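# Fold and geometry: a report
Below, each chain spelled out in residue letters.
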Amino acid sequence: METLSTMLRETEFEDERNIILTSNGCKTLHLLVMTLITPCVLAPVIPARSTSAFSGKSPELTAELQDLATEKTDCATSLLFELLLAATQTQWTASGSGCLFTVRQIVSVMEHQWDYFATFFREVTERMLQTMRQGVHGLQKITPTAAILLYGQLFVLRDIAQSSENAYKCIKREYSEEFRYYLRDPAVKSHLPQKYPITSSTVQLLQDLCTLVLCQESPKALLRKH
């Protein structure tokens, strides 16, 4: 996933990238998107002779599996960010080749597997909140890598909430309190490292997402205003 994210970031090959993603009626794109939201099965391989003595996962093994699941979520988020960004770019710079895919198309593919999609959407939201809490409470310094991931998380959450009514209802129903009383607090933004060039764009994304979650109007109504 990290390799694919890097490949998608190479803008000089934009036409070739779009042709591959939209080949066979966008089948490649659809399969890639579904892979991102499908949960990985993380289970230890236990020798048959040891099965009877194995009564559960050790705390160390459980922690390791959780770390792997978190790493998979972060990598999937980064790759989905590149896909959503590429979709936005193709709408801006669509060439005569006719190769075009949209943010709405990507989100629609994910909605066909709503249980997986909802789980992934919640995981991305929780990871974003975790990073913000660590920065505010001084539990962990926001590194450049974490700052880039945070930007991608906010971008993904905003685009999905704008394009999926079900996802919008989910984040509004389950996380509105965090956005209202925590993320909207100006003190939260002040804890983002000001020396990072990406910080101002991250703050804007955070404001956009807060507005989206806390506003009484639907995402479509907000988009019409802009």
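Throughout, residues of each chain are indexed from 1 in the direction in which the sequence is written. Where local features are concerned, this predicted model is filtered to residues with pLDDT of at least 70; where side-chain atom pairs are given and counted, the filter is 80 or more; whole-chain, interface and lining totals use all residues. Hydrogens and waters are ignored; side-chain quantities use all the structure's heavy atoms.

### Topic: the pattern of salt bridges
We define a salt bridge as a side-chain nitrogen of Lys or Arg found within 4 Å of a carboxyl oxygen belonging to Asp or Glu. A full pass over the atoms with the stated rule returns seven salt bridges. With its nearest N and O atoms 3.1 Å apart, the salt bridge here joins Arg104 to Glu111. With its nearest N and O atoms 3.1 Å apart, the salt bridge here joins Asp159 to Arg158. Buried means the residue's accessible area, taken with a 1.4 Å probe over protein chains only, is under 20% of the maximum for its type, while exposed means over 50%, and partly exposed covers the values in between. The buried category is assigned to Asp159, whose relative accessible area is 5%. One salt-bridge network, held together by shared partners, links Arg122, Arg173 and Glu174.

### A short note on helix α6 (residues 103-111)
Of all the residues in α6, the buried ones are Val103, Ile106, Val107, Val109 and Met110. In an axial view of α6, the angular spread of the buried residues amounts to 155°, which keeps them on one side of the axis. Only DSSP runs of H or I with at least four residues qualify as helices, and only runs of E with at least two residues qualify as strands; both kinds are numbered from the N terminus onward. The arc under discussion is defined with respect to the helix axis, by the directions toward the C-beta atoms.

### Considering the packing of aromatic side chains
Aromatic pairing here means that ring centres of Phe, Tyr or Trp (its six-membered ring) are within 6.5 Å. Orientation follows from the plane angle: under 30 degrees is stacked, over 60 is edge-to-face, and everything else is tilted. Enumeration over the complete set of coordinates arrives at five aromatic pairs. Both rings, one in Phe81 and one in Phe155, keep their centres 4.9 Å apart while their planes meet at 90°; by these two values the pair is edge-to-face. With Phe81 in helix α5 (residues 59-92) and Phe155 in helix α8 (residues 144-163), this pair connects stretches of sequence that are 74 residues apart. Residue classification places Phe81 among the buried residues on the basis of a relative accessible area of 13%. Through a chain of ring-to-ring contacts, three or more aromatic side chains come together here, namely Phe81, Tyr151 and Phe155. Working rule: Lys NZ or Arg CZ, within 6 Å of ring centre, within 35 degrees of ring normal, means a charge sits over the ring. The ring of Phe155 is capped by Arg158, whose NZ or CZ atom sits 5.0 Å from the centre of that ring.

### Details of the confidence of the model for the chain
If pLDDT is low for a region, its predicted coordinates should not be looked at in detail. Per-residue confidence from the predictor is given as pLDDT, running between 0 and 100. Per-residue confidence for the chain averages 80 on the pLDDT scale, and 73% of its residues sit at or above 70. Ranking the helices and strands of the chain by mean pLDDT puts α8 first, with 94, and helix α4 (residues 48-51) last, with 47. Low pLDDT, under 50, characterises residues 48-55; the stretch is placed with two contacts to residues that sit more than four places away or in other chains. Throughout, a contact is declared for two residues whenever any of their heavy atoms are within 4.5 Å.

### As for the side chain of Thr77
Relative to the helices and strands, Thr77 is located in helix α5. Separated by 2.7 Å, the side chain of Thr77 and the backbone oxygen of Thr73 make a polar contact. In this view, Thr77 contacts Phe120, Val124, Gly152, Gln153 and Val156; residues no more than four positions away in its chain are not counted. Polar contacts, as used here, are pairs of N or O atoms within 3.5 Å; protein pairs need one atom able to donate a hydrogen and one able to accept it. Residues neighboring in sequence count only if both atoms are side-chain atoms.

### Here we look at the environment of Gln216
The residue Gln216 is located in the loop between α11 (199-214) and α12 (219-225) in this model. Accessibility expressed as a relative area gives 71% for Gln216, which makes it exposed. Sequence spacing of Gln216 and Lys172 is 44 residues, and the spatial spacing of their C-alpha atoms is 10.0 Å.

### Here's the deal with the packing of helix α3 (residues 23-37) against α6
The interhelical angle for the contact between α3 and α6, taken along N-to-C directions, is 55°, at an axis separation of 9 Å. Comparing the axis directions of α3 and α6 gives the class oblique. Between α3 and α6 lies a crossing of right-handed hand. On the side of α3, the interface is formed by Cys26, Leu29, His30, Val33, Met34 and Ile37, while α6 contributes Gln105, Ile106, Val109 and Met110. All residues other than Ala, Val, Leu, Ile, Met, Phe, Trp, Tyr, Cys, Pro, Asp, Glu, Lys and Arg, Gly among them, are scored as polar; the first ten of these are nonpolar and the last four charged. Here the residues of the contact of α3 with α6 are counted per class, giving eight nonpolar, two polar and no charged. Helix axes are fitted only over the stretch in contact, all axes being lines through C-alpha atoms; the angle between N-to-C directions runs from 0 to 180 degrees. Reported orientations rely on four angle classes, namely roughly parallel under 35 degrees, roughly antiparallel over 145, roughly perpendicular from 65 to 115, and oblique for the rest. The handedness criterion is simple: a crossing whose near helix is rotated anticlockwise from the far helix by less than a right angle is left-handed, and one whose near helix is rotated clockwise is right-handed.

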